[in-house]
Amino acid sequence: MTGFSRRDVTIVDACTLQGQGGSPTAVLIDDPALDDGARRVAVRDAGTSHAAFVDTDTDTVRFFTTHGELTNCGHGTVAAQAFLLRRRGSAEHHGHQRTGGRIFGTTAVERDDGIEVWFDQGLIGLQDGVPAGLDEVLGALGIGPDAIAADDTPSVASPGTPRLLVPVKSAPILRSLRPDLPRLAAECRRLGYLGCFAYTMSPVNGRAMARMFAPAIGVGEDVVNANSSGCLAAHLHATHGRSSVEVEQGHSAGRPSLVFATATTTPEGILTRVGGTAVVRSRLDGTAA
């Protein structure tokens, strides 16, 4: 690795389902002397889609993929806060995190199946009307308008970066998605979308099942996207009056995951909180974290 050694990297499975699966996320104590190129290399060498770089002096966390820095990362926040709780050696911590020019509250609590983390996602912007480029994005996903759920509508939601939310009719349709990733990346870049969050609601338990495609930022399919789950909570709150949702992801990658999200109407708009359970694994060199 360039700039960071394997011992610097701790792998955290973020947003696990009953202690299993989740999104493997690299977490490192940041070195301010290194440039962003070294951080991108660290992500590549860790073999994860994302990495969180933590400055313990300022409570700042920066997130990178191999393509560059992200303004925020939901499952990365879950991973970073679980890592910090384990590093403190405490069972519970209420604090805050600085990321992308924002300061938001965080809570981390040790549970039997891992460390449960919640963070204040903030206000979610929801765009009215038919999303720009909807037909083109659906085409890149390999589906048409007939695959859209009858009781819901596609929408654009943003916790800072817009993404397209696409409700499909059923779990089989969701599982069958095989997007043309270069085409989807081009469309998302053209339209200014981070990616496309396809989901379906279970008629049995009210949970959502979802898949996130973000090739425009170098992530063909994200194992779990917590920020988009918060966006979905805001959308369902605005359109169906729901105050919370649980979102299963990662099944297509063989790493089932679960994200919790709540939404509340405030005078400023819809405010969301997002949570997940993380399991802190070993360092990349195999030593205990």
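Residues numbered from 1 in each chain as written. Predicted model: local features only at pLDDT ≥ 70, side-chain atom pairs only at ≥ 80, totals over all residues. Heavy atoms only, no water.

## Considering the pattern of salt bridges
The tally for this structure, following the rule as stated, stands at 14 salt bridges. A salt bridge links R44 to D45; the nearest nitrogen and oxygen atoms lie 3.0 Å apart. Its relative accessible area of 26% is what places D45 among the partly exposed residues. Notably, a salt bridge pairs R111 with E116, separated by 3.3 Å at the nearest N-O pair. The class for R111 is partly exposed, based on a relative accessible area of 41%. The network of salt bridges with shared partners includes D30, D36, R39, R62 and E69. (Salt bridge = Lys/Arg side-chain N within 4 Å of Asp/Glu carboxyl O. Buried < 20%, exposed > 50% of the residue type's maximum accessible area, 1.4 Å probe, protein only.)

## Digging into the pairing of strand β13 (residues 208-214)
By the criterion of burial, β13 is predominantly enclosed, with six of the seven residues buried. Of the strand pairs in this sheet, strand β12 (residues 196-201) and β13 are connected by six bridges, and their pairing is antiparallel. Counted as the bridge partner of A198 is R211 from β13. Hairpin connection between β12 and β13: a loop of six residues separates the two successive antiparallel strands, and G206 in this loop has a positive phi of roughly 75°. Sheet topology places β13 next to strand β15 (residues 244-249); two bridges connect them, and they run parallel. Bridging across to β15, M209 finds its partner in E248. (Helix = DSSP H or I, 4+ residues; strand = E, 2+ residues; numbered from the N terminus. Pairing = 2+ DSSP bridges.)

## Some details on the packing of aromatic side chains
For the structure on display, the rule yields four aromatic pairs. Judged by centre distance (5.6 Å) and plane angle (85°), the ring pair of F53 and F64 falls under edge-to-face. In this pair, F53 sits in strand β3 (residues 51-55) while F64 sits in strand β4 (residues 60-65), placing the two residues eleven residues apart along the sequence. Both residues of the pair, F53 and F64, count as buried. Arranged with centres 5.9 Å apart and planes meeting at 20°, the rings of W118 and F260 form a pair that is stacked. You can see W118 sitting in strand β8 (residues 114-123) and its partner F260 sitting in strand β16 (residues 257-266), a full 142 residues away along the chain. Residue W118 shares its accessibility class with F260, and that shared class is buried. (Phe/Tyr/Trp six-rings, centres within 6.5 Å; stacked < 30°, edge-to-face > 60°.)

## What to know about the packing of helix α3 (residues 134-141) against helix α5 (residues 181-191)
Relative orientation of the contacting elements α3 and α5 amounts to 160°, with a least axis distance of 8 Å. Regarding the angle of α3 to α5, the classification is roughly antiparallel. Crossing geometry of α3 relative to α5 is assigned as left-handed. Two secondary-structure elements touch here, α3 through E136, V137, G139, A140 and L141 and α5 through R183, L184, E187, R190 and L191. The residue inventory of the contact of α3 with α5, partitioned by class, reads five nonpolar, one polar and four charged. (Axes fitted to C-alpha atoms, helices over the stretch in contact; angles between N-to-C directions. Parallel < 35°, antiparallel > 145°, perpendicular 65-115°, else oblique. Left-handed = near helix turned anticlockwise from the far one by under 90°. Contact = heavy atoms within 4.5 Å. Nonpolar A, V, L, I, M, F, W, Y, C, P; charged D, E, K, R; others polar.)

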